[in-house]
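# Summary of the model geometry
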Amino acid sequence: MFPLKDTVMGASTFFASALPHDVCGSNGLPLTPNSIKILGRFQILKTITHPRLCQYVDITRGKHERLVVAAEHCEKSLEDLLRERKPVRKEKKKRRILLFESMIVSASCYQNMDMIAICNSSGFN
């Protein structure tokens, strides 16, 4: 399988829900902020590599529970690739669709082996 082409870097910003300031755990110590918990769990996502998947690059924690995630992404979606207006024979288009489907199934199986659920999959994302 050939690796993904035409990927670019992107950044997404998230806000973790803040904990009340006066709440302590059952042991009397302050609770760990949610952004710290997310930061720790994210390290697992950074280790996932597959030729059909975009990779998470880094995560940083800012002020007020803000998280910035840097990751690869493809500008063209599957829907865009299938709608290209190139004159193509019907047989070649079917082979192209089967190729795309096999790549998607390969990446999905890899994620399933790592116990990662795919919840939001569609032709435009």
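Description of the structure in this document.

Criteria and thresholds
- Residues numbered from 1 in each chain as written.
- Predicted model: local features only at pLDDT ≥ 70, side-chain atom pairs only at ≥ 80, totals over all residues.
- Heavy atoms only, no water.
- Helix = DSSP H or I, 4+ residues; strand = E, 2+ residues; numbered from the N terminus.
- Rg over C-alpha atoms; globule rule 2.2 N^0.38 Å.
- Buried < 20%, exposed > 50% of the residue type's maximum accessible area, 1.4 Å probe, protein only.
- Areas by Shrake-Rupley, 256 points an atom, 1.4 Å probe, with all protein chains shown as cover.
- Lys, Arg positive; Asp, Glu negative; His and termini not counted.
- Charge placed at Lys NZ, Arg CZ, Asp CG, Glu CD.
- Phe/Tyr/Trp six-rings, centres within 6.5 Å; stacked < 30°, edge-to-face > 60°.

Okay, the overall build of the chain next. Assigned secondary structure in the chain consists of 3 helices and 3 strands. Computed over the C-alpha atoms, the radius of gyration of the chain is 20 Å, more than 25% above the 14 Å expected from 2.2 N^0.38 for a compact globule of 125 residues. Seen through its principal axes, the chain has C-alpha atoms that stretch 70 × 25 × 20 Å. Across the 125 residues that make up the chain, the buried fraction comes to 15%. Accessible surface, the chain: about 9,900 Å² in total, of which carbon and sulfur atoms supply 58%. A gap of 6 Å separates the mean positions of the 19 positive and 12 negative side-chain charges of the chain.

Looking now at the packing of aromatic side chains. Evaluation of the coordinates by the stated rule reveals 1 aromatic pair. Their ring planes at 80° and their centres at 5.5 Å tell us that F42 and Y56 sit as a pair that is edge-to-face. Of the two residues, F42 sits in helix 1 (residues 34–46) while Y56 sits in strand 2 (residues 56–61), which places them 14 residues apart along the sequence. Since its relative accessible area comes to 37%, Y56 is described here as partly exposed.

Geometry only, nothing functional implied.
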